[in-house]
Structures are given as C-alpha cells and as structure tokens.
Amino acid sequence: MSNKSQVETITSSADKVKITLAVIVLIAGIFAYSFFSDLNIYARVGMFIGGLAVATLLLWLSDSGKRILGFATGSYNEMKRVVWPTRKETLQMTGIVFAFVTVMAIVLWLMDKLIGWLIYGVLLGWN
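The shown structure was predicted, so the numbers you read here are calculated from the model rather than taken from an experiment. (Residues numbered from 1 in each chain as written. Predicted model: local features only at pLDDT ≥ 70, side-chain atom pairs only at ≥ 80, totals over all residues. Heavy atoms only, no water.)

**Q** Which parts of the structure should I look at to understand the packing of aromatic side chains?
**A** In this description, an aromatic ring pair is defined by two values, namely the gap between the centres and the angle between the planes. Tallying each qualifying case throughout the model produces 3 aromatic pairs. Measuring from centroid to centroid gives 5.2 Å for F35 and F36, while their planes differ by 80°, and the two rings are edge-to-face. Taking relative accessible area as the criterion, F35 reaches 52% and is therefore assigned exposed. Overall, F36 belongs to the partly exposed group, its relative accessible area being 32%. By way of ring pairs, the aromatic residues F31, F35 and F36 are connected into one cluster. (Phe/Tyr/Trp six-rings, centres within 6.5 Å; stacked < 30°, edge-to-face > 60°. Buried < 20%, exposed > 50% of the residue type's maximum accessible area, 1.4 Å probe, protein only.)

The structure is reproduced here in structure tokens:
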C-alpha cells in the first residue's frame, strides 16, 4: 500500500507575489537594521520591527498565511488542553532520569574496564 502525502503548493500568482514581497520586506528590514548603524538603537529596531510587521501582514493576506495562522491557532488551543505535570512530579521524574543515567554510566564504565582487561590483559598479555 502506498502512503503518499499531499504537498500543498502555492498556485495563485497573487499569493506568490505576496510571499515574495514579504520575504523582500523582511530582508529589507534586516538590512536596514545593519546598514544604518549611525542611527540610535530605537530607530534601527523600529525599522526591523516595521519590516517584520509589513512582512507578516503580507504573509497573512495570502492563502498560505491564512493556513499557517489557522495551524498556529489550533496549536495554541491544543496547548491549553495539555495537562502539565506538577512541580513535585517534574522533580521526581528528573531525579529518576539522573539516577538512571548515573547507573548506566557506571555499568558502561565497568563493562569497558572488563572488556579492556580481557583484551589487553588476558588475550594480549600487555599488562
């Protein structure tokens, strides 16, 4: 059985133009932040945030942007339904992980020493 996933592509030329303009505006905002180093930091950050805002608006106006926004909204709603562990549970599980890692490190160290002793000491007689 073939499991082919569908890849959604941008079909509308208007969407292609919007996304291309969004990328160009974002790059222009980054460039403006770097190029105008003689201005104060607030003006430079303002140029970057302005470019980011315009790029986000252009992306949001495209069909792809609307799908991304819908995905982000659904993800946020799903995150609100997650039952997060309490602080006590988190500390207990972290302690269990640290204990397991420590035990495994000791076991692997012992196995390494045993194999080294067998190979170099018993078989090759180097010790």
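**Q** Where do I start with the pattern of salt bridges in this structure?
**A** Pairs can form between side chains of opposite charge once their charged atoms are near each other. With the rule as written, the count across this model stands at 1 salt bridge. Of the charged contacts in the structure, one is a salt bridge between R81 and E78, with a shortest N-O distance of 3.0 Å. Separated by 3 residues within a single helix, R81 and E78 lie in helix 3 (residues 63-81), roughly one turn from each other. When its relative accessible area of 60% is taken as the criterion, R81 is described as exposed. E78 sits in the partly exposed class, given a relative accessible area of 44%. (Salt bridge = Lys/Arg side-chain N within 4 Å of Asp/Glu carboxyl O. Helix = DSSP H or I, 4+ residues; strand = E, 2+ residues; numbered from the N terminus.)

**Q** Explanation requested: the side chain of R44 in the structure shown.
**A** Mapped onto the secondary structure, R44 falls in helix 2 (residues 41-61). Buried charge R44 goes without a salt bridge, the closest partner of opposite sign being D38 at 7.3 Å. Excluding residues within four positions of it along the chain, R44 makes contact with Y33, F36, S37 and L39. (Lys, Arg positive; Asp, Glu negative; His and termini not counted. Contact = heavy atoms within 4.5 Å.)

**Q** What's the story with helix 1 (residues 13-35) in this structure? I'm lost.
**A** One turn of the α-helix equals 3.6 residues, which is why residues spaced by three or four share an orientation. Taking 1.5 Å of rise per residue, 23 residues should cover 33 Å, and helix 1 covers 32 Å from first to last C-alpha, within 8% of that figure. Listed in full, the buried residues belonging to helix 1 are D15, I19, A22, G29 and A32. (Expected span 1.5 Å × (residues − 1).)

**Q** Is there a simple way to think about the packing of helix 1 against helix 2 in this case?
**A** Each pair of packed helices can be described by the angle between their axes along with the distance between the axes. Where helix 1 contacts helix 2, the two axes come as close as 8 Å, and the packing angle between them is 175°. Relative to helix 2, the element helix 1 lies roughly antiparallel. Residue-level inspection shows K18, I19, L21, A22, V25, L26, G29, I30, A32 and Y33 of helix 1 in contact with helix 2, the latter providing I41, R44, V45, M47, F48, G51, L52, V54, A55, L58, L59 and L61. Looking at the contact of helix 1 with helix 2 residue by residue, the class counts come to 18 nonpolar, 2 polar and 2 charged. (Axes fitted to C-alpha atoms, helices over the stretch in contact; angles between N-to-C directions. Parallel < 35°, antiparallel > 145°, perpendicular 65-115°, else oblique. Nonpolar A, V, L, I, M, F, W, Y, C, P; charged D, E, K, R; others polar.)

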